[in-house]
Amino acid sequence: MAVERLYLAGLIPGAKPTKIPGMDGPVSQIFGYGLWLLVLAGVGGVAYGVYKLAVSDKSRNGGGSEPFKWMGGGLAAILLSSSLIAILNGIAG
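Here's what I pulled together on the structure shown here.

Our focus in this paragraph is the overall build of the chain. Of the regular secondary structure elements, the chain holds 3 helices and 0 strands. Listed by position from the N terminus, the elements making up the chain come as α-α-α. Going through the 93 residues of the chain one by one, you find that 19% of them count as buried. If you take every contact in the chain between residues at least 6 apart in sequence, the share linking residues at least 24 apart comes to 61%. As displayed, the chain offers around 6,300 Å² of accessible surface, 68% of which is attributable to carbon and sulfur atoms.

Note on placement: Ser81 falls in helix H3 (residues 66–92). A residue is classified by how much of its surface remains accessible, and Ser81, at 0% relative accessible area, is buried. There is a polar contact of 2.8 Å between the side chain of Ser81 and the backbone oxygen of Ala77. A polar side-chain atom of Ser81 sits 3.3 Å from the main-chain carbonyl oxygen of Ile78. Dropping the residues within four chain positions of it, Ser81 is found in contact with Leu35, Leu38 and Val39.

Within the structure shown, the criterion is met by 2 aromatic pairs. With 4.6 Å between their ring centres and 75° between their planes, Tyr48 and Trp70 make a pair best called edge-to-face. With a gap of 22 residues between them, Tyr48 in helix H2 (residues 26–55) and Trp70 in helix H3 connect regions that are remote in the sequence. Taking the relative accessible area as the measure of exposure, Trp70 reaches 39% and is therefore partly exposed. What links up through ring pairs into an aromatic cluster is the set Tyr48, Tyr51 and Trp70.

This part is about the pattern of salt bridges. Across all of its chains, the model carries 1 salt bridge by this definition. Ionic pairing is found between Glu66 and Lys52, a salt bridge with its closest N-O pair at 3.6 Å. You can see Glu66 sitting in helix H3 and its partner Lys52 sitting in helix H2, a full 14 residues away along the chain. Relative accessible area serves as the criterion here: at 37%, Glu66 is assigned to the partly exposed category.

Here we come to a nonpolar patch on the surface. A cluster of nonpolar side chains, namely Leu38, Leu80, Leu84 and Ile87, defines an oily patch on the protein surface of about 320 Å² accessible area. Relative to the assigned elements, Ile87 resides in helix H3.

Here we take up the environment of Gly44. Structurally, the position occupied by Gly44 is in helix H2. Taking the C-alpha atoms as reference points, Gly44 and Gly74, 30 residues apart in sequence, are found 7.0 Å from one another.

Reading the values: the criteria
Residues numbered from 1 in each chain as written. Predicted model: local features only at pLDDT ≥ 70, side-chain atom pairs only at ≥ 80, totals over all residues. Heavy atoms only, no water. Helix = DSSP H or I, 4+ residues; strand = E, 2+ residues; numbered from the N terminus. Buried < 20%, exposed > 50% of the residue type's maximum accessible area, 1.4 Å probe, protein only. Contact = heavy atoms within 4.5 Å. Areas by Shrake-Rupley, 256 points an atom, 1.4 Å probe, with all protein chains shown as cover. Polar contact = N/O pair within 3.5 Å; in protein donor to acceptor, adjacent residues only side chain to side chain. Phe/Tyr/Trp six-rings, centres within 6.5 Å; stacked < 30°, edge-to-face > 60°. Salt bridge = Lys/Arg side-chain N within 4 Å of Asp/Glu carboxyl O. Patch = residues over 30% accessible without salt bridge, like charges linked within 9 Å, V, L, I, M, F, W, Y side chains within 5 Å.

The following block contains the structure:
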C-alpha cells in the first residue's frame, strides 16, 4: 500500500492513528494518515511561500502578496488538520 511506503520512507510520523469507535479497519487508518498528509502539505505550502518570498521581485510592481497567500494557506491547512487530530484523539481517547 502507498501509505506503508510513505511510512517506511520517513515522511509520515511513526505514530499509529487512534481508532475511533465505530470506525474500525482501513477507514480509520486512511483517515488518520490523511490528516498527517494534510499537515505535511501545509508545511510544504509554508515552505514554498517562504521560498517565493526569498526569490520574489522586490520592486514596486513585483506582486508581493503571492508568497503570503501560500504561507497563509499552508498555515490554515496545518491548523485545520492539527485541530482535527486533537479532536479525534480526544473522542477516541
